[in-house]
Amino acid sequence: MHRATLAVTAGRPTPTPDAPLNVPVEFASALAAGGEIEYTRHDARNSRALESVLGALEGGEAVLFASGMAAVTAVLEVCAPDAVATPTVVYSGTAAAFTARGLRRCEQADPAADLRWIESPSNPDLQIQDIPALAALPGTVVVDNTFATPIGQRPLSLGADIVVHSVSKYLAGHSDVILGAVVCSDPALAQRFRDHRELTGAIPGPMEAWLALRGVRTLDVRLRRAESNARDLAQRLSSHPAVSQVVWPGLPSHPAHDLAVRQMDVITPIIGLVPHGGVAHADRICDAVRLWRHATSLGGVESTLERRRRHSGESEHVDPALLRLSVGIEDVEDLWADLAAALSQ
Ligand SMILES: *Cc1c(COP(=O)(O)O)cnc(C)c1O
């Protein structure tokens, strides 16, 4: 079945007269003895339902974690690499996790790496990496698929071994949940992640899993609507006199546009925007917007923006004036009017 259908139908219980169509939120720690779960630090029905959907969408077996960072950390601990090949810029939390473990970072195509970490598109500079080409090199290949979502691209089918997600972003989609996931096609590897989760206790709560599953049900429509808004805004921004640079993989001006179009079914609705006037102007834009919200994080139904280098942990390779725009599903004319007014201040 198509992914839009799987997003709506996977993880549902077998129909029983008068039983709910979806798994209701179940608050429980202790369960009656004699079953296969026993205790909800091991597993839980709300987690299992969401895992079924994420697994179906990515084409593998999903294991939920309490946050995206718990998922990233689980991958680094289970794979225990010596040297990790990475793009110049990855999500700042992931970069910090590499540093905290004393991992040697090397060039993306370095044959000596035993782990290849791919973030495509990358946060926040929207670089695109050639997943099949990198997956053909030796080493375990991990793709952080947070920006693309499985509607945008399916890394396991492109040769990756492991997918990680910050479910907090597009998958949950309403800026109200912190959650993460690891997905892999090897069932033995998935079991190692489950064992790791039980041991570290990084299991999500039932409310988070339930909310995120509700979000995933509408992922396809949300992502496509946000992408359409992003396309419109990226084009308009490109000819705005206050704008120095627009970075969006769906624009022909993006250095990896052809690769992005080949590799992705939907382009991420995140836009990089560098205004003329540097950091001061970028900060004024964040203060001036009314409909857009100045906030970190991304992937919600609402449009948000922030200057990433305001965080000391952000990579020095990122332009200090770069604004990361997370385009939501509002009417694009309202989004444009607010942004254009803030840019012209
Ligand atoms: C946010 C994010 C993470 C971390 O996820 P949390 O759910 O915030 O812990 C990891 N990777 C990327 C690309 C992200 O954007």
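What counts and what doesn't
- Residues numbered from 1 in each chain as written.
- Predicted model: local features only at pLDDT ≥ 70, side-chain atom pairs only at ≥ 80, totals over all residues.
- Heavy atoms only, no water.
- Helix = DSSP H or I, 4+ residues; strand = E, 2+ residues; numbered from the N terminus.
- Buried < 20%, exposed > 50% of the residue type's maximum accessible area, 1.4 Å probe, protein only.
- Contact = heavy atoms within 4.5 Å.
- Salt bridge = Lys/Arg side-chain N within 4 Å of Asp/Glu carboxyl O.
- Pairing = 2+ DSSP bridges.
- Axes fitted to C-alpha atoms, helices over the stretch in contact; angles between N-to-C directions.
- Phe/Tyr/Trp six-rings, centres within 6.5 Å; stacked < 30°, edge-to-face > 60°.

**Regarding the overall build of the protein**
Point 1. Along the backbone of the protein there are 12 helices and 12 strands.
Point 2. Seen along its three principal axes, the alpha-carbon backbone of the protein occupies a region of about 70 × 55 × 35 Å.
Point 3. The burial tally for the protein puts 55% of its 345 residues in the buried class.
Point 4. Looking at the protein alone, contacts between residues at least 24 apart form 66% of all its contacts between residues at least 6 apart.

**Here we look at the pattern of salt bridges**
Side-chain pairs of opposite charge can arise whenever the charged atoms involved come near each other.
Point 1. Counted under the stated rule, the structure contains 17 salt bridges.
Point 2. Among the ionic pairs, Asp265 bridges to Arg3, the shortest N-O distance being 2.9 Å. Within this pair, whereas Asp265 is found in the loop between helix H10 (257–263) and strand E9 (270–275), its partner Arg3 is found in helix H1 (residues 3–9), the two being separated by 262 residues in sequence.
Point 3. Ionic pairing is found between Arg194 and Glu61, a salt bridge with its closest N-O pair at 2.8 Å. Taken as a pair, Arg194 in helix H7 (residues 187–200) and Glu61 in strand E1 (residues 61–65) lie far apart in primary sequence, 133 residues in all.
Point 4. Its relative accessible area of 28% is what places Glu61 among the partly exposed residues.
Point 5. What you see here is one network of salt bridges that share partners, running through Glu36, Asp43, Arg48, Glu51 and Arg197.

**Section: the sheet that holds strand E8 (residues 243–247)**
Point 1. If you walk across this open sheet you meet the five strands as E8-E9-E12-E11-E10, and the pairing is mixed. Where the open sheet ends on each side, the last strands, each with one partner, are E8 and strand E10 (293–294).
Point 2. Inspection of the sheet shows strand E11 (residues 304–307) paired to strand E12 (residues 323–326) by four bridges, in the antiparallel sense. Residue pairing across strands places Glu306 opposite Arg324, the latter belonging to E12.
Point 3. Packed on one face of the sheet, helix H9 (residues 219–238) meets E8, E9 and E12 and runs near 15 degrees to E9.

**Side note on the packing of aromatic side chains**
Point 1. All chains considered together, the criterion is met by one aromatic pair.
Point 2. Consider the rings of Phe98 and Trp117, whose centres lie 5.6 Å apart with planes at 80 degrees: the pair is edge-to-face. Placement of the pair is Phe98 in helix H4 (residues 92–100) and Trp117 in strand E4 (residues 115–119), with a sequence separation of 19 residues.
Point 3. Residue class for Phe98 comes out buried when judged on its relative accessible area of 0%.
Point 4. The exposure class assigned to Trp117 is buried, which follows from its relative accessible area of 0%.

Everything listed is a geometric property; what it means functionally is a separate question.
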